[in-house]
Amino acid sequence: MIHATGDRANDIILSIYEQVENESGNRDRRFRIEHAQHLRAQDIPRFARDRVIASMQPYDAIDDGRWAEKRIGHERAQTTYAFRSLLDAGAALAFGTDWTVAPLDPMLSIYAAVTRRTLDGKHPGGWIPEQKISVEEAVRAYTLGSAFAEFQEKEKGTITSGKLADLVILSRDIFKIDPKEIEKTKVVMTIMDGRVVYER
């Protein structure tokens, strides 16, 4: 796992991972890039081809979306936080919060991935809306995607018999409400290993 934010850094890391595969053979390494934030369009298919996990933090998109285009330009911004493009290319996504840099609340990250509404309110339809993903895709990246990234998909990531009973009950059904309301959704109960550890 290597952190890479800029498009050049992501290209370099992808090339390093490719070199390892070429020199040491093909196996289930689950290489990942933390952030995978600014990507060149031609590098997006490399994630799927080389089985590199894009470990991303969606909240940063609605935070950075207030100013990123001024720094990198409109064209390069089109493949910034490229959730949709990565999924369409067949890449695996693993979502997280980037806490302590960003809020710990995962609802904000799901809200960000689905709406891309920047914190300043200037993009009510979403900043680079072509990169929005569905609630189901965001939840999957946050749960099974993250479990897969750490070789734990047989233990957690889905509510399945035999897996850890780690789950939350939410105040609202995020699959049915207007996505703009997801950020107001609260955890009312947390269950870990089958035990209630938090109740509102």
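**Some points on the nonpolar core**
Next up, step 1: Among the nonpolar cores identified, the biggest contains 45 residues, and Ile33, Phe47, Phe83, Leu86, Phe95 and Ile110 are the most heavily contacted of them.
Next up, step 2: Considering every element that reaches this core, the biggest residue donor is helix α7 (residues 106–115), with seven residues.
Next up, step 3: Every residue in contact with isoleucine 110, bar those within four places of it in the chain, is listed here: Ala138, Val139, Tyr142, Ile174 and Ile182.

**Description of the packing of aromatic side chains**
Geometrically, a pair of aromatic rings is defined through the distance of the ring centres and the angle of the planes.
Next up, step 1: In total, this model carries three aromatic pairs according to the counting rule given.
Next up, step 2: With a centroid separation of 4.2 Å and 5° between ring planes, the pair formed by tyrosine 17 and phenylalanine 31 is classed as stacked. With a gap of 14 residues between them, tyrosine 17 in helix α1 (residues 7–24) and phenylalanine 31 in the loop between α1 and β2 (32–35) connect regions that are remote in the sequence. As far as burial versus exposure is concerned, tyrosine 17 and phenylalanine 31 are alike and both buried.
Next up, step 3: Ring geometry for tyrosine 81 versus phenylalanine 83: centroids 6.4 Å apart, planes at 50°, classification tilted.

**Some details on a nonpolar patch on the surface**
Next up, step 1: On the surface, a cluster of nonpolar side chains totalling about 270 Å² of accessible area is made up of Met192, Val197 and Tyr198.
Next up, step 2: When you line up the elements, valine 197 lands in strand β7 (residues 195–199).

**What about the pairing of strand β3 (residues 53–56)?**
Next up, step 1: Burial along β3 is two-sided: the face carrying Ile53 and Ser55 and the face carrying Ala54 and Met56 are both buried.
Next up, step 2: For β2 and β3, the ladder comprises three bridges, and the chain directions are parallel. Counterpart to arginine 32 in the pairing with β3 is isoleucine 53.
Next up, step 3: Taken together, β2, helix α2 (residues 44–49) and β3 constitute a β-α-β crossover, and its handedness is right-handed.
Next up, step 4: Note that β3 and strand β4 (residues 93–95) share three bridges and pair parallel. Bridge pairing in β4 places methionine 56 opposite phenylalanine 95.

Calculation rules
- Residues numbered from 1 in each chain as written.
- Predicted model: local features only at pLDDT ≥ 70, side-chain atom pairs only at ≥ 80, totals over all residues.
- Heavy atoms only, no water.
- Core = buried A, V, L, I, M, F, W, Y, C linked by side-chain atoms within 4.5 Å.
- Buried < 20%, exposed > 50% of the residue type's maximum accessible area, 1.4 Å probe, protein only.
- Helix = DSSP H or I, 4+ residues; strand = E, 2+ residues; numbered from the N terminus.
- Contact = heavy atoms within 4.5 Å.
- Phe/Tyr/Trp six-rings, centres within 6.5 Å; stacked < 30°, edge-to-face > 60°.
- Patch = residues over 30% accessible without salt bridge, like charges linked within 9 Å, V, L, I, M, F, W, Y side chains within 5 Å.
- Areas by Shrake-Rupley, 256 points an atom, 1.4 Å probe, with all protein chains shown as cover.
- Salt bridge = Lys/Arg side-chain N within 4 Å of Asp/Glu carboxyl O.
- Pairing = 2+ DSSP bridges.
- Right-handed = clockwise from strand over helix to strand, strands pointing away.

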